Amino acid sequence: MARNANKSLQAKLVLLGDMGAGKTSLVLRFVKGQFSEYQESTIGAAFFTQVLSLNEATVKFDIWDTAGQERYHSLAPMYYRGAAAAIVVYDITSMDSFVRAKKWVREVQRQANSSLTMLLVANKADLEDERKVSNEEGEEYAKENGLSFLETSAKTAQNVNELFYEIGKRLAKAKSSHETGMRLHSRAGQDRGGLFCCA
Amino acid sequence: MYGTKSKIDLAFEYQSQVAVLRPSIHSRRANLTVKFQDLYGFTVEGNVDDVNVLNEVREKVRQQGRVWWALEASKGANWYLHTTIGQGSALTSSLKFSALANAITLKKLIRKGIPPVLRPKIWFSLSGAAKKKSTVPDSYYDDLTKAVEGKVTPATRQIDHDLPRTFPGHPWLDTPDGHATLRRVLVAYSFRDSDVGYCQGLNYVAALLLLVMKTEEDAFWMLAVLLENVLVNDCYTNNLSGCHVEQRVFKDLLAKKCPRIASHLEALEFDVSLVTTEWFLCLFSKSLPSETTLRVWDVIFYEGAKVIFNVALAIFKMKEDELILTHHVGEVINILQMTTHHLFDPDDLLTVAFDKIGSMTTNTISKQRKKQEPEVMKELDQRIRRLNSLRMEDK
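Parameters at a glance
Residues numbered from 1 in each chain as written. Chains lettered and ligands numbered in written order. Predicted model: local features only at pLDDT ≥ 70, side-chain atom pairs only at ≥ 80, totals over all residues. Heavy atoms only, no water. Salt bridge = Lys/Arg side-chain N within 4 Å of Asp/Glu carboxyl O. Helix = DSSP H or I, 4+ residues; strand = E, 2+ residues; numbered from the N terminus. Buried < 20%, exposed > 50% of the residue type's maximum accessible area, 1.4 Å probe, protein only. Axes fitted to C-alpha atoms, helices over the stretch in contact; angles between N-to-C directions. Left-handed = near helix turned anticlockwise from the far one by under 90°. Contact = heavy atoms within 4.5 Å. Nonpolar A, V, L, I, M, F, W, Y, C, P; charged D, E, K, R; others polar. Pairing = 2+ DSSP bridges. Buried area = accessible area lost by both parts, 1.4 Å probe. Polar contact = N/O pair within 3.5 Å; in protein donor to acceptor, adjacent residues only side chain to side chain.

Caption draft 1: How the structure looks around the pattern of salt bridges. If you walk through the whole model with that rule in mind, you get 32 salt bridges over all chains. With a shortest N-O distance of 3.2 Å, arginine 100 of chain A and aspartate 18 of chain A are connected by a salt bridge. Taken as a pair, arginine 100 of chain A in helix α3 (residues 95–111) and aspartate 18 of chain A in the loop between β1 (8–17) and α1 (23–32) lie far apart in primary sequence, 82 residues in all. Aspartate 18 of chain A sits in the buried class, given a relative accessible area of 16%. What emerges from the salt-bridge pattern is a single network uniting Lys60, Arg295, Asp345 and Asp347 of chain B.

Caption draft 2: Seen up close, the packing of helix α15 (residues 290–303) of chain B against helix α19 (residues 346–356) of chain B. Residues and elements named next belong to chain B. Across the interface, α15 lies against α19 with an axial gap of 9 Å and an inter-helix angle of 35°. As α15 runs across α19, the sense of the crossing is right-handed. Counted together, Glu291, Thr292, Arg295, Val296 and Val299 of α15 and Pro346, Asp347, Leu349, Leu350 and Phe354 of α19 form the full contact between these two elements. Grouping the constituent residues of the contact of α15 with α19 by class yields 6 nonpolar, 1 polar and 3 charged.

Caption draft 3: Inspection of the pairing of strand β4 (residues 85–91) of chain A at higher detail. Residues and elements named next belong to chain A. Buried residues dominate β4, accounting for 7 of its 7 residues. Here β4 shows two buried faces, one formed by Ala85, Ile87, Val89 and Asp91 and the other by Ala86, Val88 and Tyr90. Across 5 bridges, the pairing between β1 and β4 is parallel. Of the residues in β4, the one forming a bridge with leucine 15 is isoleucine 87. In the sheet, β4 pairs with strand β5 (residues 117–123) via 7 bridges, with the strands oriented parallel. Counted as the bridge partner of tyrosine 90 is alanine 122 from β5.

Caption draft 4: Fine view of the interface of chain A and chain B. Facing 31 residues of chain A, the contacting portion of chain B comprises 42 residues. Across the chain A to chain B interface the summed buried area is about 3300 Å²; carbon plus sulfur atoms make up 55%. Across the contact surface, chain A and chain B share 2 salt bridges. Here chain A and chain B share 19 residue pairs in polar contact (both at pLDDT 80 or more) between them. Listed by contribution, the elements that provide at least two residues to the side of chain A that touches chain B are β3 (58–66), α2 (76–80) and α3 of chain A. In terms of residue count, α3 of chain A provides more of the side of chain A that touches chain B than any other element does, 5 residues in total. Along the lines of polarity and charge, the residues of the side of chain A that touches chain B split into 11 nonpolar, 12 polar and 8 charged.

Right, here's the structure in full:
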């Protein structure tokens, strides 16, 4: 039980948010360390993997990066089903995208599995001059809903690694609290594939 | 030094140089990756073997071109337009017979590929686009684009957002001229059918149509016939219900045609629509190399949307042995992505799609769709109600 260093967990992570908020760019910054100004629009969803080594554990992420256009909404349950974590992204230069993000937060709170870790992310922080959503506004909403909040920039890499580390740490912590016997992770069908130990 | 050459010549030149590398054991051992432009200007990354495959494909395309020209010489220009069977009760039996013979020849021929130079002409007539266009005044497209110029709608905003994100880096599509042309086609269509408006995915489809058809008006009509006559209804509207139906039909077909794969993936809790949704919405344009995509489209425009199922099933079928050994969702996706990205020889795919998958008639597919529709509608409806009730609570 105390062999923390060798612990390894696999976690499904989903990104949700309005089209052009920068979901794919955040993932590509994290997974490949790359950024391109014009990222191909995602259709359906794209899949990435990345391994994060923390002191607590090694976290293997299966990342589902979803399409942002409103009509693709009907596909979303397929992607967040069984997810251990969700990142809801908006673009600080678009109030519409913030409104959309709030809808996502509501939906995920309601529909996804209850142990899911959710973060609210305000992306494109490098575009300060065009900002439409204040930092306080985002932070306050996150607080009200018990979410972690980060302002990021996929372009400058600001807070991008921090974001994924934060998720990794939380998942590792949640995992170890399960392991110390407080409550065994329930294996109900729909939670399978979410968070499981493969050490 | 290439100043006077067109892009396509340049691509040829580069590839023939690379092909010389083949005998070198060193280069093969090093598994060299080279970047080059394909026939339609897309940057392709591949190893030396891929380059060789592309050269072979180019040779096959040339041979196929000769077959088409020979037929034109013997049967007369536009012979392929006289293949409608069944409607012409006034035809004499000998004419009917020749029409039937032509139809059989044509079907085989199209599955072997339409030469790129003939594509615009043949697609336009065989898909029904020409007929569609002929039912409206000649000035329809010009009038439409002029009438909607400068109008701002949610659709136009989304189109503007996606223009630079549609095959970025393409030597023509990613230029001001390319963006403006693609914009006119997509905006015009969004006004022609406001139920569809603009759906992400159509940007890739329209872009590829532009590259093939060369003129934007023809590309517009191809897009219209595709959405209005070729594909299942409501693929791109509102909640993509048509696409949901197709995904369910596909799952059933996979279970029937590739039972080992289907049951293995089910055990992994891998929902195939995680990958196939994009194939259906972009008609493979984001996953397959361009010439392979267009070979698939050759057949779609002649035989109909059922072809998408054949091709999607074939991609799974080709990798059956690997897929059933996977332990994890990520492996499945990697196999499928690697496979699609490297399918440089269209015949590798189409042979499996038509010879190994077995025939499926449009009729059987339609029946399957009918069967799935009520369930999809029910599910989407329930979902909307749940979301609405969330919204009510917020207030």
